[in-house]
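Each chain, letter by letter, is given below.
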Amino acid sequence: MAFWDYFFKKKSDSATHAVDRIKFVLQSDRTGLPQETLERIKNDIISVLSKYVDIETADLDFNITKAPSESGAMTPALCANIPIKGVKRNTPAAPAKAEAKTDTAKSTSETQKSEEKKDETKKDEGEAKKPESKPVIKEEKTVDENPELGSALDKTFTFKKEPPKEKSVEEKKDTSQK
Amino acid sequence: MGEVIVVTSGKGGVGKTTTTANVGTGLAKLDKKVVLIDTDIGLRNLDVVMGLENRIVYNLVDVIEGNCKIKQALIKDKRYPNLYLLPSAQTRDKSAVKPEEMKQLCDQLKGEFDYIIIDCPAGIEQGFENAVAGADRALVVTTPEVSAVRDADRIIGLLEAHEMKKTDLIVNRIRMDMVKTGDMMSSDDVVEILAVNLIGIVPDDEGIIVATNNGEPLVGNESKAGQAYMNICRRVTGEEVPFLDLAAKKGFFKRLFGKKK
């Protein structure tokens, strides 16, 4: 056995697996937040970022680790490394601002929108969770808000290419008037 | 004025007692005046690891309850000029000692010894509270396993809550052959996860079992573990010591035909 082991040593990755698992567990241990909440925070951050930039979801690193605070003591800190593939041309930044200023009701629809998008992102990663997919079904009115997903999710983009583009132009006009 | 060091880990069986015995003995070999205190009341073990089990008359609880003088309870290790052990009580439970009493005891001992090394019981209950109460610094022992690392993280958090001045990490029982093949977390992995200062890496060594069988800590001998423990002792005293190269290669033929460890 030792003879073959020497020539055909396989590189295992159980140690990497262990590191990933322990990091994951310590995130909720350190913050006292349940794992599911952390997952949602992560997805919310992803959805906010993907409004403005194309991000590489496969390579992203999202951890709660310990970092020295100003007093020198080690405190839990969020460390995220999210690779950006490119900047989106039709950023929805302007419409988002406009809506927030004009109407609070609209701003809630904005959050719903991000919820839906988060869900889309998850599906893209192939790890959609049941509880989070529920609210999306209700939100039919946010269907026309899909343009932000456009360049990140090609499927959606080609599907609803026409109407969203028009809308984003309108919204841009709105802000320019302001 | 002496320094009180608590050796702790959270998880049991990672090598707290072995580490206490070796660090204590090593410091004594470096001509420091050392006392070891076993605070694992009801599960006394440091005495057998040190090979001093036959000489116990009084114990920690006797000292705390005033049944004897501190001096009477300290067992002198005749092999080293300045090494003493205060054994734990085997027939009592953890509530027999309070953190405040431990703190007073440590303060008393500080006047007499350079280092007071406390062997902490596993867990995070009363025994842990007792052990850390009087400590100035902590050595957290862990092994490169998920369970031990998780518990170590919890312990490090609790030590911070106790405002421990200094916390250092010992990664115990590392097997470089497994690290190399990707089947064991490296000490770097563990340090990155726990974000704490590394003071020593101790390789898994059969010599530790032999040493425990004989009641003779192996610190300072020629084995890798013996060298690693001695280096920890020197780092404890403030000396800068480079880490051992544990990955030193076995010979070609030994690897080819040697039995797989």
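Scroll up to find the structure.
Residues numbered from 1 in each chain as written. Chains lettered and ligands numbered in written order. Predicted model: local features only at pLDDT ≥ 70, side-chain atom pairs only at ≥ 80, totals over all residues. Heavy atoms only, no water.

### Looking at the overall build of chain A
Now for step 1: Secondary structure summary: chain A contains eight helices and four strands in total.
Now for step 2: Taken from N to C terminus, the helices and strands of chain A fall in the order α-α-α-β-β-β-β-α-α-α-α-α.
Now for step 3: Counting every position in chain A, which comprises 178 residues, the buried fraction comes to 31%.
Now for step 4: Carbon and sulfur atoms provide 55% of the accessible area of chain A, an area that totals close to 11,400 Å². (Helix = DSSP H or I, 4+ residues; strand = E, 2+ residues; numbered from the N terminus. Buried < 20%, exposed > 50% of the residue type's maximum accessible area, 1.4 Å probe, protein only. Areas by Shrake-Rupley, 256 points an atom, 1.4 Å probe, with all protein chains shown as cover.)

### Observations concerning the packing of aromatic side chains
All names here are of chain B.
Now for step 1: Taken as a whole and assessed by the stated rule, the structure comprises one aromatic pair over all chains.
Now for step 2: Residues Tyr84 and Phe113 carry aromatic rings whose centres are separated by 5.5 Å and whose planes lie at 70° to one another, so their mutual orientation is edge-to-face. In this pair, Tyr84 sits in strand S4 (residues 83-86) while Phe113 sits in the loop between helix H5 (99-110) and strand S5 (115-119), placing the two residues 29 residues apart along the sequence.
Now for step 3: Lying across the ring of Phe113, Lys33 places its NZ or CZ 5.6 Å from the centre.
Now for step 4: Directly above the ring of Phe243 sits Arg235, whose terminal nitrogen or CZ lies 4.1 Å from the centroid. (Phe/Tyr/Trp six-rings, centres within 6.5 Å; stacked < 30°, edge-to-face > 60°. Lys NZ or Arg CZ within 6 Å of the ring centre and 35° of its normal.)

### Some points on the nonpolar core
All names here are of chain B.
Now for step 1: In terms of nonpolar packing, the biggest core is built from 55 residues, with Val6, Leu60, Ile118 and Leu194 touching the most fellow members.
Now for step 2: Examining the composition of this core, we find that six residues originate from one element, helix H7 (residues 146-161), more than from any other.
Now for step 3: Residues Leu46, Met50, Ala148 and Ile232 belong to the second largest nonpolar core, which totals 37 residues. (Core = buried A, V, L, I, M, F, W, Y, C linked by side-chain atoms within 4.5 Å.)

### Let's talk about the pattern of salt bridges
Now for step 1: Inspection of every chain in the model, using the stated rule, returns 15 salt bridges over all chains.
Now for step 2: For Arg30(A), the salt bridge identified is with Asp153(B), shortest N-O distance 2.6 Å. Remark: Asp153(B) occurs in helix H7 and Arg30(A) occurs in helix H2 (residues 14-31); the pair is interchain, linking two chains.
Now for step 3: For Arg30(A), a relative accessible area of 15% translates into the label buried. (Salt bridge = Lys/Arg side-chain N within 4 Å of Asp/Glu carboxyl O.)

### A word on the packing of H5(B) against helix H6 (residues 126-133) of chain B
Residues and elements named next belong to chain B.
Now for step 1: Their axes nearest at 7 Å, the elements H5 and H6 cross at an angle of 30°. In this view, H5 runs roughly parallel relative to H6, as classed from their interaxial angle. The interaxial crossing formed by H5 with H6 has right-handed handedness. Judged by residue contacts, Pro99, Met102 and Lys103 of H5 engage Gln126, Glu129, Asn130 and Ala133 from H6.
Now for step 2: Of the residues belonging to the contact of H5 with H6, the class tally is three nonpolar, two polar and two charged. (Axes fitted to C-alpha atoms, helices over the stretch in contact; angles between N-to-C directions. Parallel < 35°, antiparallel > 145°, perpendicular 65-115°, else oblique. Left-handed = near helix turned anticlockwise from the far one by under 90°. Contact = heavy atoms within 4.5 Å. Nonpolar A, V, L, I, M, F, W, Y, C, P; charged D, E, K, R; others polar.)

### A closer look at the packing of H7(B) against helix H9 (residues 187-194) of chain B
Residues and elements named next belong to chain B.
Now for step 1: Remark: H7 packs on H9, axes separated minimally by 10 Å, with the N-to-C direction vectors making an angle of 40°. Between H7 and H9, the crossing angle belongs to the class labelled oblique. Like other packed secondary-structure pairs, H7 and H9 cross with a definite hand, here right-handed. Seen from H7, the contacting residues are Val149, Ala152, Asp153 and Ile156; seen from H9, they are Val190, Ile193 and Leu194.
Now for step 2: Its residues assigned to classes, the contact of H7 with H9 shows six nonpolar, no polar and one charged.

### A few points about the sheet that holds strand S3 (residues 75-76) of chain B
Residues and elements named next belong to chain B.
Now for step 1: In spatial order, the strands read S3-S4-S2-S5-S1-S6-S7-S8; together these eight strands make up an open sheet with mixed pairing. The sheet is open, and its two borders are formed by S3 and strand S8 (197-203), each paired with just one other strand.
Now for step 2: Summarising the sheet, strand S2 (residues 34-38) and S4 pair through four bridges and their orientation is parallel. Counted as the bridge partner of Ile37 is Leu86 from S4.
Now for step 3: The strands touched by helix H1 (residues 16-29) within the sheet are strand S1 (3-8), S2, S4, S5, strand S6 (137-142) and strand S7 (166-174), with S5 carrying the most contacts at an inclination of about 165°.
Now for step 4: Packing against the sheet, H9 makes contact with S6, S7 and S8, and its axis sits at approximately 145° to S7. (Pairing = 2+ DSSP bridges.)

### Focus: the pairing of S5(B)
All names here are of chain B.
Now for step 1: In terms of burial, S5 is a largely internal element, five of the five residues being buried.
Now for step 2: Burial along S5 is two-sided: the residues Tyr115, Ile117 and Asp119 and Ile116 and Ile118 are all buried.
Now for step 3: As paired strands, S1 and S5 are joined by five bridges and run parallel to one another. Pairing of Val6 across the sheet is with Ile118, part of S5.
Now for step 4: Where S2 meets S5, five bridges bridge the pair, whose relative direction is parallel. Among the inter-strand pairings, Asp38 is bridged to a residue of S5, identified as Asp119.

### Looking at the layout of surface pockets
Residue and element names in this part refer to chain B.
Now for step 1: Of the volumes computed, that of the second largest pocket is approximately 430 Å³.
Now for step 2: Around the second largest pocket, the lining is made up of 27 residues, and of these Gly13, Gly15, Lys16, Thr18 and Arg173 lie nearest the centre.
Now for step 3: Where the lining of the second largest pocket is concerned, the elements lending two or more residues are H1, helix H2 (46-50), S7, S8 and helix H10 (206-214).
Now for step 4: When the residues that make up the lining of the second largest pocket are grouped by side-chain class, the tally is 12 nonpolar, seven polar and eight charged. (1 Å grid on protein atoms, 1.4 Å probe; cavity = no way out; pocket = protein on both sides within 12 Å on 5 of 7 lines; lining within 4 Å. Points joined across faces, edges and corners; volume = space filled by probe spheres on them.)

### Here's the deal with the environment of Asp29(A)
Residue and element names in this part refer to chain A.
Now for step 1: Within the fold, Asp29 resides in helix H2.
Now for step 2: Among the residues examined, Asp29 registers a relative accessible area of 35% and is labelled partly exposed.
Now for step 3: Considering only alpha carbons, one finds Asp29 and Ile64, 35 residues apart in sequence, at a separation of 9.9 Å.

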